[in-house]
Amino acid sequence: MANVVLENLAKIYAEGDTEEVRAVNGINLSVEKGEFLAIVGPSGSGKSTLLNLIGCLDVPTSGHVFIDGVDTQGLNEKELTRIRREKVGFVFQDFNLLPVLNAFENVILPLRYLKVAGHERERRAKEALDLVSLSNRSKSRPSQLSGGERQRVAIARALITNPSLVLADEPTGELDTVNTCRIIEVMRELNDKLNQTFAIVTHDPMVAGYTRRIVTLRDGSVESDLSQQPADLHCDDKPSI
Amino acid sequence: MLKVILRNMWRRKARTFLTVFGIVVGIFALTVLGGLSARLTQQVKGAKSWFTNSISIVPTGGSLFGGGENQFFTLSKVQEVQNVPGVKEAIAGIGLLVKSSQTFSFGAPDLIIGLDLSRSQDLLKQLHVDKGRGLTSGDRGKVLLGSTLANKLGAQVGGTVDLRGRQFEVVGILQPTLAAPDTFAFVSYKDALELFFKANPFITRGQPITSVIYATWDKGANPEVVSNRISKQVSGVRVISPKEAEKQISQFSLIFNAILFGIAFIALVVGGLSIINTMVMSVSERTKEIGLKRAIGADTRTILGEYLLESSVIGLLGGLIGMGVGLLAILLLNDATKSNNVTVFAISWLVVVGPVIFATVLGTLAGIFPALRASRLRPVESLRED
């Protein structure tokens, strides 16, 4: 069974009285479990809207989103919340860590919403921080972490519930080349190890180059959908001057 | 959970402090007034138990505490009252202020009450003597003192006290009741009459007078019915039945409690609005965080609960501090007035716990609107916020 299936998916925003913006305009797409794909396209092509629709953060104007075979059409807010909680992990461009919580507490948060028992929560949070090599920073607040470290915390948070799908919206948008490479490296490793689906929205060709499938959007529609051999990662290489 | 809420509050130290301070002021006022009200309730209860033991008959226009020094009637009225069916004993009495210059007092004034001792044993039996003995028929120059007054005058059983320039031997001191009889000095009618004439030299002596008549009733008689009969049969008097005395005394505390509720209401409005304001600001500041929490699986109820808890904590904090400061003020003020033998405040469980519960409930209620707002935010839109 495909992990994500989109059928004639559309999201239309009313703008003014007569104008309407077709942010997502009839997309059909199928993503298998364990895929590592990039969604690219110019600004305003509907990348983020598409990601929000897949992640059940937003509801489509028409069409269907199937997550692990479940049609999310017509689900109420409570049921959509449950899908987000159980099936989806989010990673954002600006990390979106809670400033009052340290790395460990940020990572553990989704498990609290899942009502996982206390000791189990802590064990899994340690594990998740281990996966992103941040065990030594677990007591640090976001303000004490570098951008790359913050994004790794966010990835650990996205993975802790063991979701079938990780959605990343410009995860490297605020990072330099070296950190971008490391974040992609972490995600690819986790994708290999845990076989979770990763869908990464990006406008960075380097990031897209590291994925196995590139879906290009233009004006809310799929312009191209290509599989590729991902580029090799050499993160410690200093960029040549 | 609580840790997170406290950290969130700490993020905006100044604003949190100001909001909590707003509650503190209101709750402080509430606590202090609560203490005042508790003390008043004690006094009212005591006063009721004393003043409802008998029917008080005063000259028209007189009050519960006797006719005052310018209003009195002749002794023949005592016989008239005595003749009313149902009246067991009509007792001639004279009420005089201990200090002629006393103009204001908290609760009952210090009073010299002269009673016809041969007839008032029933009435005096209601008083509980702590030290010494009660007054007996034929006592002259003797005084039975209420506990507060005894303290104030530094009186000892067997010693003497000066009342309006005359020396009285202290035969007994009453148990403290925290109320009316505590500030009374009971003497014989004749002694009081002499003091009365001395204080009012223009009144022709020889004509025995009385400023108040206390009437007790026959066993089984309804004091209200008896009171009614007295006012019908005896002219030129105002009859204060036990029920009416109770009403008058209650009225006093009712007015006070109305003021108390007024203050509580102001505290409610001011404190509540300031919490609402703070919470609305918190919600809009943290819109993005709310969106994030929703994205990673928090449902609307979780968000609602978090914000409600936060505003309850603000209320609780303000309540605890306000009550603490109020309690401290009560203790200090009571200590300061101790030397004057006046107790202005009483502390009860209600005074301590009431304001804290009030503030917490207020905080919770004030949080409802902002919390609902937070929980109804759409995840996508909140995440887009900066």
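The structure we're discussing is the one just above.
Below is a short write-up of the structure. (Residues numbered from 1 in each chain as written. Chains lettered and ligands numbered in written order. Predicted model: local features only at pLDDT ≥ 70, side-chain atom pairs only at ≥ 80, totals over all residues. Heavy atoms only, no water.)

### Quick notes on helix α5 (residues 147-159) of chain A
Residue and element names in this part refer to chain A. In a regular helix each residue adds 1.5 Å, so 13 residues correspond to 18 Å; α5 covers 19 Å between its end C-alpha atoms and thus fits that length. Taken across its 13 residues, α5 has eleven buried, putting it largely inside the fold. By the burial criterion, the buried members of α5 are Gly-148, Glu-149, Gln-151, Arg-152, Val-153, Ala-154, Ile-155, Ala-156, Arg-157, Ala-158 and Leu-159. (Helix = DSSP H or I, 4+ residues; strand = E, 2+ residues; numbered from the N terminus. Expected span 1.5 Å × (residues − 1). Buried < 20%, exposed > 50% of the residue type's maximum accessible area, 1.4 Å probe, protein only.)

### What about the packing of aromatic side chains?
Scanning all chains against the criterion turns up five aromatic pairs over all chains. Look at Phe-90 of chain A and Phe-92 of chain A: their rings are 5.9 Å apart centre to centre, the planes differ by 10°, and that puts the pair in the stacked class. Take Phe-90 of chain A: its relative accessible area is 4%, and that puts it in the buried class. Under the relative-accessibility criterion, Phe-92 of chain A is labelled buried at 8%. Ring geometry for Phe-196 of chain B against Phe-197 of chain B: centres 6.4 Å apart, planes inclined by 65°, an arrangement best described as edge-to-face. Judged by its relative accessible area of 1%, Phe-196 of chain B is buried. Directly above the ring of Phe-104 of chain A sits Lys-139 of chain A, whose terminal nitrogen or CZ lies 5.4 Å from the centroid. When the ring centre of Phe-168 of chain B is taken as reference, the NZ or CZ atom of Arg-166 of chain B above it lies at 4.9 Å. (Phe/Tyr/Trp six-rings, centres within 6.5 Å; stacked < 30°, edge-to-face > 60°. Lys NZ or Arg CZ within 6 Å of the ring centre and 35° of its normal.)

### Quick notes on helix α4 (residues 118-131) of chain A
All names here are of chain A. Here α4 spans 20 Å end to end across 14 residues, near enough to the 20 Å set by a 1.5 Å rise per residue. Those residues of α4 lying buried are Arg-124, Ala-125, Ala-128 and Leu-129. For α4, the angular spread of buried residues about the axis comes to 140°, placing them on one side. In this structure, α4 carries His-119 and Lys-126 as exposed residues pointing more than 90 degrees from its buried face. Here the buried face of α4 lies against α3 (103-113) and α5. (Arc of directions from axis to C-beta. Contact = heavy atoms within 4.5 Å.)

### A short note on a positive patch on the surface
Taken together, the side chains of Lys-78, Arg-82 and Lys-115 of chain A together with Arg-301 of chain B define a basic patch exposed on the protein surface. As for its position among the elements, Arg-82 of chain A is in helix α2 (residues 77-87). (Patch = residues over 30% accessible without salt bridge, like charges linked within 9 Å, V, L, I, M, F, W, Y side chains within 5 Å. Areas by Shrake-Rupley, 256 points an atom, 1.4 Å probe, with all protein chains shown as cover. Salt bridge = Lys/Arg side-chain N within 4 Å of Asp/Glu carboxyl O. Lys, Arg positive; Asp, Glu negative; His and termini not counted. Charge placed at Lys NZ, Arg CZ, Asp CG, Glu CD.)

### Some points on the layout of surface pockets
In this structure, the second largest pocket spans a volume of roughly 650 Å³. Considering the residues around the second largest pocket, the lining is formed by 30 residues, among which Ser-48, Asn-52, Gln-93 and Asp-169 of chain A together with Arg-384 of chain B are closest to the centre. Where the lining of the second largest pocket is concerned, the elements lending two or more residues are α1 (47-54), β6 (88-91) and β7 (165-169) of chain A together with α12 (379-384) of chain B. In terms of residue count, α1 of chain A provides more of the lining of the second largest pocket than any other element does, five residues in total. Of the residues assigned to the lining of the second largest pocket, the class counts are eleven nonpolar, ten polar and nine charged. (1 Å grid on protein atoms, 1.4 Å probe; cavity = no way out; pocket = protein on both sides within 12 Å on 5 of 7 lines; lining within 4 Å. Points joined across faces, edges and corners; volume = space filled by probe spheres on them. Nonpolar A, V, L, I, M, F, W, Y, C, P; charged D, E, K, R; others polar.)

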